[in-house]
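Reading the structure
Spelled out from the first residue to the last, the chains are:
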Amino acid sequence: MNKRMPQWTPLSWRKRPAAQQPVYDDLRALTAVLDELRRFPPLVFRGEIEALKHHLADAGRGQGVILHGGNCAERFIDCEPGCIANQLKVLLQMSVILTHGARQPVIRIGRIAGQYAKPRSSPVEVVNGVEVPSYRGDNVHDIAASAAARRPDPQRLLQGYYRAAMTLNYVRAMIDGGFADLHHPYNWNLHSIERTREWPEYRETVEHILDAIHFMESFGGVQPSTLGRVDFYVSHEGLLLGYEEALTRRDETNGRYYNLGAHMLWIGNRTRAVDGAHVEYFRGIANPIGVKLDAQCGPEELLELLDRLNPANEPGRITLITRMGHGGVEQALPPLVRAVQKQRRVVTWCCDPMHGNTRAARGCKTRAFKDVLAEVRESFHVHARLGSHLAGVQFELTGDDVTECTGGAVRLTRKDLARNYQSYCDPRLNCAQSLEMAFLITKLLKARMARAQDTSGAGRCRR
Ligand code: PEP
Ligand code: CO
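Summary of the structure given here.

Moving on: the overall build of the protein. When helices and strands are tallied, the protein shows 14 helices and 14 strands. With the principal axes as the frame, the protein shows a C-alpha extent of 65 × 55 × 45 Å. Counting across all 463 residues of the protein, residues that qualify as buried make up 58%. Sequence-distant contacts in the protein: of pairs separated by 6 or more residues, those separated by 24 or more amount to 77%. With the model as given, the accessible surface of the protein reaches about 19900 Å², and the carbon-plus-sulfur share is 52%. Here the protein contributes 61 positive and 51 negative side-chain charges, whose respective centroids are spaced 5 Å apart.

Right, here's the structure in full:
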């Protein structure tokens, strides 16, 4: 039952315990930075946020597929054209593959243009044998492994805002400039997959997509420029509450507050305490929000979160992003799905198959492609079995040729990890692994579609 809550303001989170916040030495400097941020223009527009909320509501009902992806920790040095273009490119390519599989629009959301802050399980980490404060993201401090470099510096919040603005500006320019070329499989980076044993299986999908594109290009009504027009939304974890508060603005037309620093924000698994500052902040913003849920989250806790965060049961408002680890989904997910169904809560379900599948290997973190895929598959099965709907997936990935996750058709092994391990935080699927993941999810989507057709066909026969 929804208890009557005290009045919300963009500052009301300050009265609650706030987990994972940096401790700044100079609070006056922090206040000055936040005041400056408050005067800056928004990065996104209310209409875009509401459009995304509608799309997410549709996807929750089975109309549309969510592809959410990007870096674990976006770095300030990633704010350069090559990195941004590669990230966008791989997400667009995956979305074309998924659209083909699902025969439905794909909602593209990047973990980009602001994903500069990280929650950490431990306050310290050991780098080259030296213990230093854990890296909390470029918005907080420098990556260099020394106590001095890791001292939180509020000026970096301004740097983060500027880089988010530049990144988003470039993303918008590329999209508005027409991305038809990137939709085109001729321009995809498929070389490494083409050399693998699995290629014939994936080639068929690429050929179908080519056929469809040729058909549309030769068909008068659909110009290549139409193919190049896509929607793309940006998101980040809403972790640093001072920063998020400064980008929260009241909309004069409807009186609601929006975080105008991103279209969508999510609450991390470590900061979703029902009485904590993050949930307090998030309950008052009108953006669509994600909530990460690990296998420890029980149904009562989930329902309390939904009471707080979405008392009006607004469709598209909440995306539940489960990250339970492969092998754990069958046990942990059904109680949550049943609780949502029983209480008729409107949510959009998404699977993050990355964060429950991280392992240590050779002094770094890695993830096995097969474990990631297994969690996606298990999640599809559980939702289907319970008559629920998995609307999409969230990946940590990059368009670059890194060696951070093992496996896939390109058969990266633990020995390969050192070759090009770039991540400052969690391991990402590389370009080839990401495209392959999209090919494989396409199969799951097609199987789901076939089951739905069978069921509706059977229904017609009975009538
Ligand atoms: C993340 O998405 O990078 C992350 C830290 O996830 P989680 O909160 O699920 O651990
Ligand atoms: Co991560």
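Turning our attention to helix 12 (residues 329-342). The end-to-end C-alpha distance of helix 12 is 19 Å, a good match for the 20 Å that 14 residues give at a rise of 1.5 Å each. Buried residues of helix 12: Val329, Ala332, Leu333, Pro334, Leu336, Val337, Ala339 and Val340, and no others. Looking at the packing, one finds that the buried side of helix 12 touches strand 9 (289-293), helix 11 (299-309), strand 10 (318-322), strand 11 (348-351) and helix 13 (369-385). Positioned one or two residues after helix 12, Arg344 has a phi angle of 50°, which is positive.

Turning our attention to the coordination of the cobalt ion (ligand 2). Six octahedrally arranged donors around a metal ideally form angles of 90 or 180 degrees; four tetrahedrally arranged donors ideally form angles of 109.5 degrees. Bound to the cobalt ion (ligand 2) are the protein donor atoms Cys72 (SG), His355 (NE2), Glu396 (OE) and Asp426 (OD), situated 2.1 to 2.4 Å from the metal. In primary sequence terms, the donor set of the cobalt ion (ligand 2) follows C-x282-H-x40-E-x29-D. Highlighted residues: Cys72 in the loop between strand 1 (65-70) and helix 3 (81-102) and His355 in the loop between strand 11 and strand 12 (359-361), separated in sequence by 283 residues. Of the residues examined, His355 reaches a relative accessible area of 17% and is grouped as buried.

Glancing now at the site of ligand 1. Around ligand 1 sit Cys72, Arg111, Lys118, Pro119, Trp266, Gly268, Asn269, Arg270, Lys292, Arg323, His355 and Glu396, and those are all the residues in its vicinity. One nitrogen or oxygen atom from the side chain of Lys118 is found 2.7 Å from an oxygen atom belonging to ligand 1. A total of 290 Å² of accessible area belongs to ligand 1 in isolation, and the protein chains cover 98% of it. When atom positions are compared with the pocket grids, ligand 1 is found to occupy the largest pocket.

Going through the model one piece at a time under the given rule, you end up with 2 cavities of 30 Å³ or more. Lining the largest cavity we find Gly114, Tyr116, Ala117, Asn139, His236, Glu237, Leu239, Leu240, Tyr243 and Glu244. Classifying every residue of the lining of the largest cavity by side-chain character gives 5 nonpolar, 3 polar and 2 charged. In this model, the second largest cavity occupies a volume close to 30 Å³. The class makeup of the residues in the lining of the second largest cavity is 3 nonpolar, 2 polar and 3 charged.

Attention now goes to the pattern of salt bridges. Counting across every chain of the model gives 34 salt bridges. Residue Glu201 is joined to Lys443 by a salt bridge in which the shortest nitrogen-to-oxygen separation is 2.5 Å. Of this pair, Glu201 sits in helix 7 (residues 199-218) while Lys443 sits in helix 14 (residues 431-462); the two residues are 242 residues apart in sequence, bridging distant segments of the chain. Between Glu252 and Arg250 there is a salt bridge, with the nearest N and O atoms lying 3.4 Å from each other.

On to the layout of surface pockets. Quantified by volume, the largest pocket comes out at close to 980 Å³. Lining the largest pocket are 39 residues, with Arg120, Glu125, Lys365, Tyr424 and Cys425 positioned closest to its centre. Looking at the lining of the largest pocket, the elements with two or more residues in it are strand 3 (124-127) and strand 13 (364-366). Ranked by residue count, the leading element in the lining of the largest pocket is strand 3, at 4 residues. Here the residues of the lining of the largest pocket sort into 14 nonpolar, 10 polar and 15 charged.

On to the pairing of strand 2 (residues 106-111). Across the 6 residues of strand 2, 6 count as buried, placing the element largely inside the fold. Burial of the side chains of strand 2 extends over both faces: Val106, Arg108 and Gly110 are buried on one face and Ile107, Ile109 and Arg111 on the other. Pairing between strand 1 and strand 2: 6 bridges, direction parallel. Bridge assignment links Gly70 to a residue of strand 2, and that residue is Arg111. Handedness of the strand 1-helix 3-strand 2 crossover: right-handed. As paired elements, strand 2 and strand 5 (residues 233-237) share 3 bridges and run parallel to each other.

With that settled, consider the nonpolar core. Of all hydrophobic cores here, the largest spans 114 residues; its most connected members are Leu37, Leu320, Trp349 and Phe395. Of all hydrophobic cores here, the second largest spans 9 residues; its members include Leu52, Ile66, Tyr233 and Met264.

As a further point, take the pairing of strand 8 (residues 264-267). Of the two faces of strand 8, the one lined by Met264 and Trp266 and the one lined by Leu265 and Ile267 are each fully buried. Direction of pairing for strand 5 relative to strand 8: parallel, over a ladder of 3 bridges. By the bridge assignment, Ser235 is partnered in strand 8 with Met264. Sheet topology note: the strand 8/strand 9 ladder contains 3 bridges and is parallel. Paired with Trp266 across the bridge in strand 9 is Gly290.

Definitions and cut-offs
Within any chain, residue numbers begin from 1 and follow the written order of that chain's sequence. The naming scheme follows written order: chains are lettered A onward, ligands numbered 1 onward. Local features in this predicted model are restricted to residues of pLDDT 70 or higher, and side-chain atom pairs are both shown and tallied only at a pLDDT of 80 or more, whereas totals for entire chains, interfaces and linings draw on every residue. In computing side-chain values, all of the structure's heavy atoms are included and hydrogens and water are not. Secondary structure counts use DSSP, requiring at least four H or I residues in a row for a helix and at least two E residues in a row for a strand, with both numbered from the N terminus. For each residue, the accessible area found with a 1.4 Å probe, counting protein chains only, is set against the maximum for its type, and the residue is called buried under 20%, exposed over 50%, and partly exposed in between. In this analysis, two residues are considered to be in contact whenever any of their non-hydrogen atoms come within 4.5 Å of each other. Working definition of accessibility: Shrake-Rupley area with a 1.4 Å probe, residue cover restricted to the visible protein chains. We score Asp and Glu as negative and Lys and Arg as positive, and we do not count His or the chain ends. Lys charges are placed at NZ, Arg charges at CZ, Asp charges at CG and Glu charges at CD. What a helix should span is 1.5 Å times the count of its residues minus one. Water is not among the atoms examined, so metal sites may look incomplete; donors are the N, O and S atoms within 2.8 Å of the metal, or within 3.2 Å for Na, K and Ca. Any residue with a heavy atom lying within 4 Å of a molecule or strand is counted as near it. In protein, a polar contact requires one atom able to donate a hydrogen and another able to accept it; more generally it is a pair of N or O atoms within 3.5 Å, and residues adjacent in sequence count only if both atoms are side-chain atoms. The rule is simple: put a 1 Å grid over the protein atoms alone, call a set of points where a 1.4 Å probe fits but cannot get out a cavity, call an open set with protein on both sides within 12 Å along at least five of seven lines a pocket, and count a residue as lining if it has an atom within 4 Å of a point. For a molecule to be placed in a cavity or pocket, more than half of its atoms must lie within 2 Å of the grid points of that cavity or pocket. Grid points are joined across faces, edges and corners, and a volume is the space filled by probe spheres set on the points. By the convention adopted, Pro, Cys, Tyr, Trp, Phe, Met, Ile, Leu, Val and Ala count as nonpolar, Lys, Arg, Asp and Glu as charged, and the other residues, Gly among them, as polar. Any carboxyl oxygen of Asp or Glu that lies within 4 Å of a side-chain nitrogen of Lys or Arg is treated as forming a salt bridge with it. Note on pairing: two strands pair once DSSP finds at least 2 bridges between them. By convention, orient the strands away from the viewer: a clockwise path from the first strand over the helix to the second makes the crossover right-handed. We call a set of buried Ala, Val, Leu, Ile, Met, Phe, Trp, Tyr and Cys residues a nonpolar core when their side-chain atoms join them within 4.5 Å.

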